[in-house]
Amino acid sequence: MLAKSIMNYIKRILMAAAFLVSGHCMAQVKADQSYHQFVNSFPWIVSYPMELVRKCIPVNCLIKVRVDSAKNVVDMQLSDSADSLIVAEFEGKKHELSINLLEKYIKAKYSGSTCTIFLIPFTYTLLQMRCTPPGTTFSALSGYAKFNNKPQQGEVIFLDPIYVQRSYQR
């Protein structure tokens, strides 16, 4: 019961943040528009696996973006809380993402930072009729900030979340 409450709380925060971000990006400089374009293109490239749709399983994870000293993206991966099906989809499509837009944003906004790890909260939910998503477990929540079974350590910068809702009929 507590895990479900925590998950609902996280979802509400992410939805509120996504709402604020979408309104916030409209009046920002071009660097922020680059990130907004990257976020908007994400769901068109990384598809929600149909097996997760059939099982009504939402995705709640972090995207870890590792950059070099020039702020060029070196690697991207999903946290351990992501289902293996979305991980496979992401790994197969991440080279198609508009990485140049993400790099442009990071270079403009964080040029003075020595941080090389950026985290993006990523939520993919379903709007289905007659779909009751399964509850979550503490082990799933504990994987939210882990990558390759190791907790993320050191300095990180959180970027605005990617929040996607898709509607499917069962």
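Bear in mind that the values here come from a model prediction, so they are computed numbers and not experimental data. (Residues numbered from 1 in each chain as written. Predicted model: local features only at pLDDT ≥ 70, side-chain atom pairs only at ≥ 80, totals over all residues. Heavy atoms only, no water.)

1. What about the overall build of the protein chain?
Here comes step 1: When helices and strands are tallied, the protein chain shows six helices and seven strands.
Here comes step 2: Starting at the N terminus and ending at the C terminus, the protein chain contains elements arranged as α-α-α-β-β-α-α-β-α-β-β-β-β.
Here comes step 3: In the protein chain, the share of contacts with a sequence separation of at least 24, taken over all contacts with a separation of at least 6, comes to 82%. (Helix = DSSP H or I, 4+ residues; strand = E, 2+ residues; numbered from the N terminus. Contact = heavy atoms within 4.5 Å.)

2. Looking at the packing of aromatic side chains
Here comes step 1: According to the stated counting rule, one finds nine aromatic pairs in the structure shown.
Here comes step 2: Seen from their ring centres, Phe 42 and Phe 122 are 5.0 Å apart, and the 65° between their planes marks the pair as edge-to-face. Separated by 80 residues along the polypeptide, Phe 42 in helix α2 (residues 30-45) and Phe 122 in strand β3 (residues 117-128) bring together distant segments of the chain. Taken as a pair, Phe 42 and Phe 122 share a single burial class, namely buried.
Here comes step 3: Members of the aromatic cluster, joined through ring pairs, are Tyr 35, Phe 38, Phe 42, Tyr 48, Phe 90, Tyr 105, Tyr 110, Phe 118, Phe 122 and Tyr 124.
Here comes step 4: The ring of Phe 147 carries Lys 64 above its face, with NZ or CZ at 5.2 Å from the centroid. (Phe/Tyr/Trp six-rings, centres within 6.5 Å; stacked < 30°, edge-to-face > 60°. Buried < 20%, exposed > 50% of the residue type's maximum accessible area, 1.4 Å probe, protein only. Lys NZ or Arg CZ within 6 Å of the ring centre and 35° of its normal.)

3. Looking at the environment of Val 59
Here comes step 1: In this fold, Val 59 is placed in strand β1 (residues 59-67).
Here comes step 2: Separated by 24 residues in the primary sequence, Val 59 and Asp 83 place their C-alpha atoms 7.1 Å from one another.

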